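Geometric and topological summary
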Amino acid sequence: MVVLSERITDTNRRPGPVSVRGACRFRTGSELRGTRPRSETDMSTRHTVDTGAASDHAAELISDARERIDALDHRIIGLLAERITMSEQIQRARIASGGRRVHLSREMEVINHYSGALGKPGTALAMTVLELCRGRA
Ligand SMILES: C=C(O[C@@H]1C=C(C(=O)O)C=C[C@H]1O)C(=O)O
């Protein structure tokens, strides 16, 4: 059962809407019946809305896994920064010696490495990594 929204000012008043991140949603049947404490329901709903999950269990699993993904992305970005520094050193040394910035046969090796491991998207990823490291060719 749902009840149409109206803005709430008193958090104990029913059946006004519940605010979720500044937005309003309809009150659920269990909230209207008072079978769950209001704050627990609000937290639980926010949890599932944030993750797109349909249960608290899935929402918790997703939140935990997202933290690990954020940590992995942080490391990937750190590794990319390290790669950019190494690549710049090579490019500077080559240019200082009278050579060119770009070395195509080496780039093909890099692209093959990525596509061998990751398939077609690996090619696109390698191109992006190369662009980050030596600019647009
Ligand atoms: C770093 C180099 O210079 C450039 C950058 C590359 C890279 O970032 O992997 C690869 C080939 C070159 O275009 C290199 O020759 O190894």
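These numbers were taken from a predicted model, which means no experiment stands behind them. (Residues numbered from 1 in each chain as written. Predicted model: local features only at pLDDT ≥ 70, side-chain atom pairs only at ≥ 80, totals over all residues. Heavy atoms only, no water.)

1. Focus: the site of the ligand
The environment of the ligand is formed by 13 residues, the closest being Arg-83, Ser-87, Arg-94, His-103 and Glu-107. Measuring from an oxygen atom of the ligand, one finds a side-chain N or O atom of Arg-83 at 2.8 Å. Between Arg-94 and the ligand, the recorded distance is 2.8 Å, taken from a side-chain N or O atom to an oxygen atom. Across the complex, the protein chains shield 93% of the 360 Å² of accessible surface that the ligand would expose by itself. Elements with a contribution of two residues or more to the shell around the ligand: α3 (56-96), α4 (104-118) and α5 (120-134). Ranked by residue count, the leading element in the shell around the ligand is α3, at five residues. Looking at side-chain class alone, the shell around the ligand contains five nonpolar, three polar and five charged residues. (Near = heavy atom within 4 Å. Polar contact = N/O pair within 3.5 Å; in protein donor to acceptor, adjacent residues only side chain to side chain. Areas by Shrake-Rupley, 256 points an atom, 1.4 Å probe, with all protein chains shown as cover. Helix = DSSP H or I, 4+ residues; strand = E, 2+ residues; numbered from the N terminus. Nonpolar A, V, L, I, M, F, W, Y, C, P; charged D, E, K, R; others polar.)

2. Here's the deal with the side chain of Thr-51
Tracing the sequence through the fold places Thr-51 in helix α2 (residues 38-51). Judged by relative accessible area, Thr-51 falls into the buried class, the value being 12%. Among the polar contacts listed, one links the side chain of Thr-51 to the backbone oxygen of His-47, at a separation of 3.1 Å. Within the structure, Thr-51 has its side chain in polar contact with the backbone nitrogen of Ala-53 (distance 3.2 Å). Sequence-distant contacts of Thr-51, defined by excluding residues within four places in its chain, comprise Ala-59, Ile-62, Ser-63 and Arg-66. (Buried < 20%, exposed > 50% of the residue type's maximum accessible area, 1.4 Å probe, protein only. Contact = heavy atoms within 4.5 Å.)

3. Observations regarding the packing of α3 against α5
When two helices pack together, their arrangement is captured by the angle between the axes and the distance separating the axes. Where α3 meets α5, the closest approach of the two axes is 8 Å, and the angle between their N-to-C directions is 60°. Overall, the two elements α3 and α5 adopt an arrangement that is oblique. With respect to the hand of their crossing, α3 and α5 are arranged in right-handed fashion. Packed against α3, whose contacting residues are Leu-80, Arg-83, Ile-84, Ser-87 and Gln-91, the element α5 presents Val-129, Leu-130, Leu-132, Cys-133 and Arg-134 at the interface. (Axes fitted to C-alpha atoms, helices over the stretch in contact; angles between N-to-C directions. Parallel < 35°, antiparallel > 145°, perpendicular 65-115°, else oblique. Left-handed = near helix turned anticlockwise from the far one by under 90°.)

4. So, the layout of surface pockets
If a probe the size of a water molecule is rolled over the atoms, the empty space left behind becomes visible. Taken as a whole, the largest pocket encloses approximately 270 Å³ of empty space. Contributing to the lining of the largest pocket are 14 residues, with Arg-83, Ser-87, Ile-90, Arg-106 and Leu-130 lying nearest its centre. Listing elements by their share of the lining of the largest pocket, those giving two or more residues are α3, α4 and α5. Looking at which element gives the most residues to the lining of the largest pocket, the answer is α3, with six residues. (1 Å grid on protein atoms, 1.4 Å probe; cavity = no way out; pocket = protein on both sides within 12 Å on 5 of 7 lines; lining within 4 Å. Points joined across faces, edges and corners; volume = space filled by probe spheres on them.)

5. Some details on the packing of α4 against α5
With their axes 7 Å apart at the nearest point, α4 and α5 run at an angle of 140° to one another. Classified by the interaxial angle, the pair formed by α4 and α5 is oblique. Of the two elements, α4 crosses α5, and the hand of that crossing is right-handed. Taken together, the residues of α5 that come into contact with α4 (itself represented by Glu-107, Val-110, Ile-111, Tyr-114, Ser-115 and Leu-118) are Lys-120, Pro-121, Gly-122, Thr-123, Leu-125, Ala-126, Met-127, Val-129, Leu-130 and Arg-134. Here the residues of the contact of α4 with α5 are counted per class, giving ten nonpolar, three polar and three charged.

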